[in-house]
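An overview of the molecular structure
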Amino acid sequence: MNGDDIQKWLADILGNPRKDNVECYVKVEYDDPVYIDSKPMLERYGVQKRYQHCSFAWIKEHGVFHDCDKESYRRAYQYGQNITNAIREGKGLMLRGSVGTGKTTLAIAIMRKAVEQGIHCLFVNNISLNDRLLNLLNSDRKELANYDKLLRTVPLLVIDDFGAESDRNSKSWLVEKMESIIGERYDRMLPIIITTNLTKDEIKDRYNERIYDRLRDTCDLVIFRGQSLRGNKGDK
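Residues numbered from 1 in each chain as written. Predicted model: local features only at pLDDT ≥ 70, side-chain atom pairs only at ≥ 80, totals over all residues. Heavy atoms only, no water.

**Some thoughts on the packing of aromatic side chains**
One pass over the full model with this rule turns up three aromatic pairs. Between Tyr-73 and Tyr-77 the ring centres are 6.3 Å apart and the planes differ by 25°, which places this aromatic pair in the stacked class. Of this pair, Tyr-73 and Tyr-77 both sit in helix H3 (residues 70-81), separated by four residues, roughly a single helical turn. Ring centres 4.8 Å apart and planes at 15° place the aromatic pair Phe-162 and Tyr-207 in the stacked group. Separated by 45 residues along the polypeptide, Phe-162 in the loop between strand S3 (156-160) and helix H8 (173-188) and Tyr-207 in the loop between helix H9 (200-206) and helix H10 (209-218) bring together distant segments of the chain. As far as the burial class goes, Phe-162 and Tyr-207 line up, both buried. An aromatic cluster is defined as three or more aromatic residues linked by ring pairs; in this entry it consists of Phe-56, Tyr-73 and Tyr-77. Over the ring of Tyr-147 we find Arg-132, and its NZ or CZ is 3.9 Å from the ring centre. (Phe/Tyr/Trp six-rings, centres within 6.5 Å; stacked < 30°, edge-to-face > 60°. Helix = DSSP H or I, 4+ residues; strand = E, 2+ residues; numbered from the N terminus. Buried < 20%, exposed > 50% of the residue type's maximum accessible area, 1.4 Å probe, protein only. Lys NZ or Arg CZ within 6 Å of the ring centre and 35° of its normal.)

**Brief notes about unusual backbone geometry**
At Asp-161, a residue that is not glycine, the phi angle is positive and equals roughly 65°. With respect to the helices, strands and loops of the structure, Asp-161 is situated in the loop between S3 and H8. By relative accessible area, Asp-161 is classed as partly exposed at 23%. Positive phi is not limited to glycine here, since Met-189 has a value of about 60°. In this structure, Met-189 sits in the loop between H8 and strand S4 (192-196).

**Re helix H5 (residues 103-116)**
The terminal C-alpha atoms of H5, which comprises 14 residues, lie 20 Å apart, in line with the 20 Å expected from a rise of 1.5 Å per residue. The element H5 is extensively covered by neighbouring structure, given that twelve of its 14 residues are classed as buried. Residues Lys-103, Thr-104, Thr-105, Leu-106, Ala-107, Ile-108, Ala-109, Ile-110, Met-111, Arg-112, Ala-114 and Val-115 constitute the buried set of H5. Gly-118 lies just past H5 and shows a positive phi near 80°. (Expected span 1.5 Å × (residues − 1).)

**Quick word on H3**
Here H3 spans 16 Å end to end across twelve residues, near enough to the 16 Å set by a 1.5 Å rise per residue. By the burial criterion, the buried members of H3 are Ser-72, Tyr-73, Ala-76, Tyr-79 and Gly-80. The arc enclosing the buried residues of H3, seen along the axis, measures out at 120°, which places them on a common side. On its buried face, H3 sits against helix H2 (56-62), helix H4 (83-89), strand S1 (92-97), H5, S4 and strand S5 (219-224). (Arc of directions from axis to C-beta. Contact = heavy atoms within 4.5 Å.)

**Side note on the nonpolar core**
Counting 32 residues, the largest nonpolar core has Leu-95, Leu-106, Ile-110, Met-111, Leu-156 and Ile-193 as the members making the most contacts within it. When residues of this core are traced back to their parent elements, those giving at least two are H2, H3, H4, S1, H5, strand S2 (121-125), S3 and S5. Membership of the second largest hydrophobic core comes to 27 residues, among which are Val-124, Ile-159, Ile-192 and Cys-219. (Core = buried A, V, L, I, M, F, W, Y, C linked by side-chain atoms within 4.5 Å.)

**Comments concerning the environment of Asp-148**
You can see Asp-148 is positioned in helix H7 (residues 141-153). Residue classification places Asp-148 among the buried positions, given a relative accessible area of 12%. On a C-alpha basis, the gap between Asp-148 and Leu-133 in space is 8.3 Å, while along the polypeptide they are 15 residues apart. Those residues in contact with Asp-148 that sit more than four places away from it in its chain are Lys-177 and Ile-181. Separated by 2.5 Å, the side chains of Asp-148 and Arg-152 make a polar contact. (Polar contact = N/O pair within 3.5 Å; in protein donor to acceptor, adjacent residues only side chain to side chain.)

In short, geometric facts, not functional conclusions.
Structure representation (structure tokens):
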């Protein structure tokens with residue numbers, strides 16, 4: 001087999017167009033690059049202006065936690081330091097406690113660690129999420145389908161104030177939608193970070209035993225027992 005025959009043989013195998021007496025080559029294709037933003041603007045991931053400064057470095061310098069919650073903070077910090085493995089294993093986090101104890105700040109600081117490593121994340125406040133879902137339901141079904149898919153498939157979803165649906169009916173469309181999203185993420189082994197003021201029994205009453213069981217199975221539970229820190233330096 002001479003040189004021309006070899007070129008033709010390679011072109012046939014690789015599917016590259018070839019003309020006689022024209023050099024045959026293989027075009028190298030690359031996946032889309034992943035850009036790691038060392039100082040990410042968290043707005044693009046759903047975080048509003050008040051919380052865009054949140055990071056573990058900020059917490060270390062300005063944050064205040066009750067003595068009774070320092071172990072809870074340490075556990076949340078350790079989860080954030082190992083966020084890549086947690087996402088790979090589908091392991092989430094539930095930050096539970098009364099209002100103003102730093103849960104939102106910690107959740108965003110953890111999410112920032114993921115973003116800094118090039119991981120796609122989404123932060124949603126539960127009440128704002130409800131409003132958007134209902135607005136899209138009544139106005140743009142195509143955009144609703146796209147947003148619903150994002151909630152189900154984004155590598156890390158952070159839900160702030162979980163359980164704060166405006167409609168308290170346990171059979172409402174919003175509650176059923178949340179149950180569906182959590183159920184599918186459970187099946188896909190995609191983690192959720194949740195902040196909530198609800199107790200275990202209140203979560204069961206709001207949703208159902210199955211959803212609580214899935215959250216318990218996939219989320220480490222960190223409980224904050226202190227009183228509200230709002231109004232102090234190191235506000236939530």
